[in-house]
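Structural overview
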Amino acid sequence: MKPVKIGVLGLGTVGGGTLNVLSRNAEEITRRAGREIQVCLAAARDVQRVRGCELQGVRLTADPFEIVNDPEIEVVVELIGGYEPAKSLVLQAIANGKHVVTANKALIALHGNEIFAAAEKQGVMVQFEAAVAGGIPIIKAIREGLSGNRISWLAGIINGTSNFILTEMRDKGRDFADALAEAQQRGYAEADPTFDIEGIDAGHKLTILASIAFGIPLRFDKVYTEGITRITRADVEYAEALGYRIKLLGVARKTPGGVELRVHPTLIPKRRLIANVDGVMNAVLVYGDAVGPTLYYGAGAGAEPTASAVVADLVDVVRALTSDPENRVPHLAFQASAISQAPLLAADEFKTAYYLRLTAEDKPGVLADISQILAARQISIEALIQKEPRPGESSVPIIMLTQLTLEKEMNAAIAEIEALASVSGKINRIRMETLG
Ligand code: HSE
């Protein structure tokens, strides 16, 4: 059979890795796909500076539109990232009847609904395994492996940079800024590191996971995002002493009132496997009613781990080239006509347990005032530690764990506690999940 001709947009880290994996494993890949996958054309911003990847038989161009408009190319692999020109290129490729494989989480999270609608109209496939958790085949697992289940929640460590920073803070007692500088130096962070540390990157990935888990449209605008910039070494140490680890988690949960989509630092019991996922590694925990909890772990970024997902998508596309569009796996796991507009909860309605750290005067009645405020809002205290005052200081750190409560009740209680004359500064609040 004739080889399938593909064009690659972007020869950065992932593009280079994809060319190398396709070349090195060509024989295995052909045996799996049933046809040879041939990269004919690749676009790079500066073709003179492309190096470190297998370019034999690949023509280079500086014009990515040449690829999406080339009649010979059947599959376009978009590895440029960002919104534009990626979106225009993908839509143009679809309009020209080409299948698309992309690693672009931001593009799918924000424009996926439009892109999939265009693809369905044209009868082409858009695959995006590499957009979430790098090399972990989590899209495949949820979309196909768990399709017999009603999925009630999932939780993931889906940003390697934040996980690296939190791990360094815990293991080496490093400050946030110092650990971030190293993550950037090692090339883990996005071009704009605020996407990593403010939870935006994880929010993009969570948007995609929630859609394929629950069969809802992609709604990045409804994801609550809070990053790790307010986590201090003291929080990491207190959490550890209480038997917890702090992780930046993306959580999607079905509740009777609607779906919760949230990214925030989270205390998780140390004994959970996912609490022990360290450094740049990613992991996603998915709960299905039939299978129970399942955990997926692996490299969330990097040239070849991400290329592994890109190539798997290419193999899927090649295998399905001759199938009728209606017999292919739907883009968002559920048939397009069965995607449901479930209500999405506002942050005020989230229900979680909390870790609270505050500084209060060391004198009788202070704890009573605080617990009275919490009790009035039906917030139950699970554990409490009061540290010794430092020499010469009259204030002490107080750390509290609460039971489940509504976020709006907790916000109101925090405002009241912060207003007490005996409490100084802001309360540091971190949500908790048992993930049981
Ligand atoms: N910056 C991302 C991370 C890379 O840290 O996980 C992969 O999306």
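Residues numbered from 1 in each chain as written. Predicted model: local features only at pLDDT ≥ 70, side-chain atom pairs only at ≥ 80, totals over all residues. Heavy atoms only, no water.

**Let's talk about the overall build of the chain**
The following threshold applies: By the criteria applied, helices consist of DSSP H or I runs no shorter than four residues and strands consist of E runs no shorter than two, each listed in order from the N terminus. Here the globule rule reads 2.2 Å times residues to the power 0.38, and the radius of gyration is calculated from C-alpha atoms. Only protein chains enter the area calculation, which uses a 1.4 Å probe; residues under 20% of their type maximum are buried, those over 50% are exposed, and those in between are partly exposed. By definition, residues are in contact when any of their heavy atoms lie within 4.5 Å. Throughout, the Shrake-Rupley method with a 1.4 Å probe supplies accessible areas, and for residues the shown protein chains are the sole cover considered.
Counting secondary structure elements, the chain contains 14 helices and 17 strands. Against the globule reference of 22 Å for 436 residues, the chain gives a C-alpha radius of gyration of 24 Å, in line with a compact fold. Expressed along its principal axes, the backbone C-alpha trace of the chain runs to roughly 80 × 45 × 35 Å. Going through the 436 residues of the chain one by one, you find that 53% of them count as buried. Taking the contacts inside the chain whose residues are at least 6 apart along the sequence as the reference set, 73% of them involve residues at least 24 apart. Entry remark: accessible area of the chain is about 18700 Å², with carbon and sulfur atoms responsible for 49%.

**Examining the sheet that holds strand β5 (residues 99-102)**
Note the cut-off: Here a strand pair is declared whenever DSSP counts at least two bridges between the two strands. Fitted lines through C-alpha atoms serve as axes, helices being fitted only where they are in contact, and the angles separating the N-to-C directions of these axes extend from 0 to 180 degrees.
Taken in spatial order, the six strands of this open sheet run β3-β2-β1-β4-β5-β6, and their pairing is parallel. With one partner strand each, in any of the chains shown, β3 (59-61) and β6 (126-127) form the two edges of the open sheet. Together, β1 (4-9), β2 (37-43), β4 (75-78), β5 and β6 form the strand contacts of helix α12 (residues 303-320), whose direction differs from that of β5 by roughly 165°.

**A short note on the nonpolar core**
The cut-off we apply is this: We call a set of buried Ala, Val, Leu, Ile, Met, Phe, Trp, Tyr and Cys residues a nonpolar core when their side-chain atoms join them within 4.5 Å.
Counting 80 residues, the largest nonpolar core has Ile138, Ile142, Ile165, Ile208, Leu209, Leu267 and Val286 as the members making the most contacts within it. Here the element with the most residues in this core is helix α10 (residues 200-214); it accounts for eight residues. Setting aside residues up to four positions removed in sequence, Ile165 forms contacts with Phe176, Ala179, Leu180, Ala183, Ile197 and Ile228. If you look at the next biggest cluster of nonpolar residues, it comprises 33 residues, including Val39, Val101, Met125 and Ala307.

**What to know about the site of the ligand**
Selection criterion: We call a residue near a molecule or strand as soon as one heavy atom of that residue lies within 4 Å of the molecule or strand. Two N or O atoms count as a polar contact when they lie within 3.5 Å, although within protein this holds only if one can serve as hydrogen donor and the other as acceptor, and sequence-adjacent residues are included solely when both atoms are side-chain atoms. When residues are grouped by polarity, Ala, Val, Leu, Ile, Met, Phe, Trp, Tyr, Cys and Pro land in nonpolar, Asp, Glu, Lys and Arg in charged, and all others, Gly among them, in polar.
Inspection of the region around the ligand gives Lys105, Asn159, Gly160, Thr161, Tyr188, Glu190, Asp196, Asp201, Lys205, Gly300 and Ala301 as its neighbouring residues. Between the ligand and Asn159, the relevant distance is 3.3 Å, taken from an oxygen atom to a side-chain nitrogen or oxygen of the residue. Note that an oxygen atom of the ligand is positioned 2.7 Å from one of the backbone N or O atoms of Gly160. Protein chains shield 90% of the accessible area of the ligand, which is 260 Å² for the free molecule. Of all the secondary structure elements, the ones that give two or more residues to the shell around the ligand are α7 (160-172) and α10. For the shell around the ligand, a count of residues per class yields two nonpolar, four polar and five charged.

**Considering the domain arrangement of the chain**
For clarity, the threshold we go by: Delimitation of the domains relies on an automatic or database domain assignment. When two parts are put together, the accessible area they lose, computed with a 1.4 Å probe and summed over both, is reported as buried area.
Under the domain assignment used here, the chain contains domain 1 (4-135 + 303-337), domain 2 (138-299) and domain 3 (348-432). Taking the mean C-alpha position of each, domain 1 and domain 2 sit 26 Å from one another. Facing 25 residues of domain 1, the contacting portion of domain 2 comprises 24 residues. Buried surface at the junction of domain 1 and domain 2, summed over both partners, amounts to about 2000 Å²; 64% is from carbon and sulfur atoms.

**Quick notes on the pattern of salt bridges**
Note the threshold: Salt bridge, as used here: a side-chain nitrogen of Lys or Arg that lies within 4 Å of a carboxyl oxygen of Asp or Glu.
On inspection of all chains with the given rule, the structure shows 36 salt bridges. Its salt-bridge partner being Arg262, residue Glu260 comes within 2.8 Å of it at the nearest N-O pair. Given a relative accessible area of 0%, Arg262 falls into the buried group. For Glu418, the salt bridge identified is with Lys426, shortest N-O distance 3.5 Å. Overall, the relative accessible area of 69% leaves Lys426 in the exposed class.

**Side note on the state of the cysteines**
The cut-off we apply is this: Criterion for a disulfide: a pair of cysteine sulfur atoms at a distance within 2.5 Å.
This structure, assessed with the given rule, holds zero disulfides. Note on Cys40: no disulfide assigned, nearest cysteine sulfur contributed by Cys53 at a separation of 15 Å. A relative accessible area of 14% means that Cys53 is categorised as buried.

**Side note on the environment of Ile165**
By the secondary structure assignment, Ile165 is in helix α7. With 82 residues separating them in the primary sequence, Ile165 and Lys247 have C-alpha atoms 9.9 Å apart.

**With respect to the packing of helix α5 (residues 105-122) against α10**
What counts here: Convention used here: angles under 35 degrees read as roughly parallel, angles over 145 as roughly antiparallel, angles from 65 to 115 as roughly perpendicular, and any remaining angle as oblique. Less than a right angle of anticlockwise turn of the near helix away from the far helix marks a crossing as left-handed, whereas a clockwise turn marks it as right-handed.
Where α5 contacts α10, the axes come no closer than 8 Å and their chain directions differ by 55°. By the angle between their directions, the pair α5 and α10 is classed as oblique. Judged by the sense of rotation from one axis to the other, the crossing of α5 with α10 is left-handed. On α10, the residues touching Lys105, Ala106, Ile108, Ala109 and Leu110 of α5 are Asp201, His204, Lys205, Thr207 and Ile208. Along the lines of polarity and charge, the residues of the contact of α5 with α10 split into five nonpolar, two polar and three charged.

**Describing the environment of Pro217**
Within the secondary structure, Pro217 is located in the loop between α10 and β8 (224-225). In this structure Pro217 comes out as buried when scored by relative accessible area, which is 13%. Dropping the residues within four chain positions of it, Pro217 is found in contact with Asn113, Ser211, Ile339, Ser340 and Gln341.

**Section: helix α1 (residues 13-24)**
Side chains of residues three or four places apart in an α-helix project in the same direction, reflecting 3.6 residues per turn. As a reminder of what qualifies: One fewer than the residue count of a helix, multiplied by 1.5 Å, yields its expected span.
Across its 12 residues, α1 extends 16 Å between first and last C-alpha, which sits within 8% of the 16 Å expected from 1.5 Å per residue. Looking at α1, one finds that the buried residues are Gly15, Gly16, Gly17, Thr18, Leu19, Val21 and Leu22.

**Let's talk about the pairing of β4**
Of the two faces of β4, both are covered, the one formed by Val75 and Val77 as well as the one formed by Val76 and Glu78. Direction of pairing for β1 relative to β4: parallel, over a ladder of four bridges. Bridged to Val8 within β4 is Val77. As judged from the four bridges shared by β4 and β5, these two strands associate in the parallel manner. Opposite Glu78, over in β5, you have Thr102 as the bridge partner.

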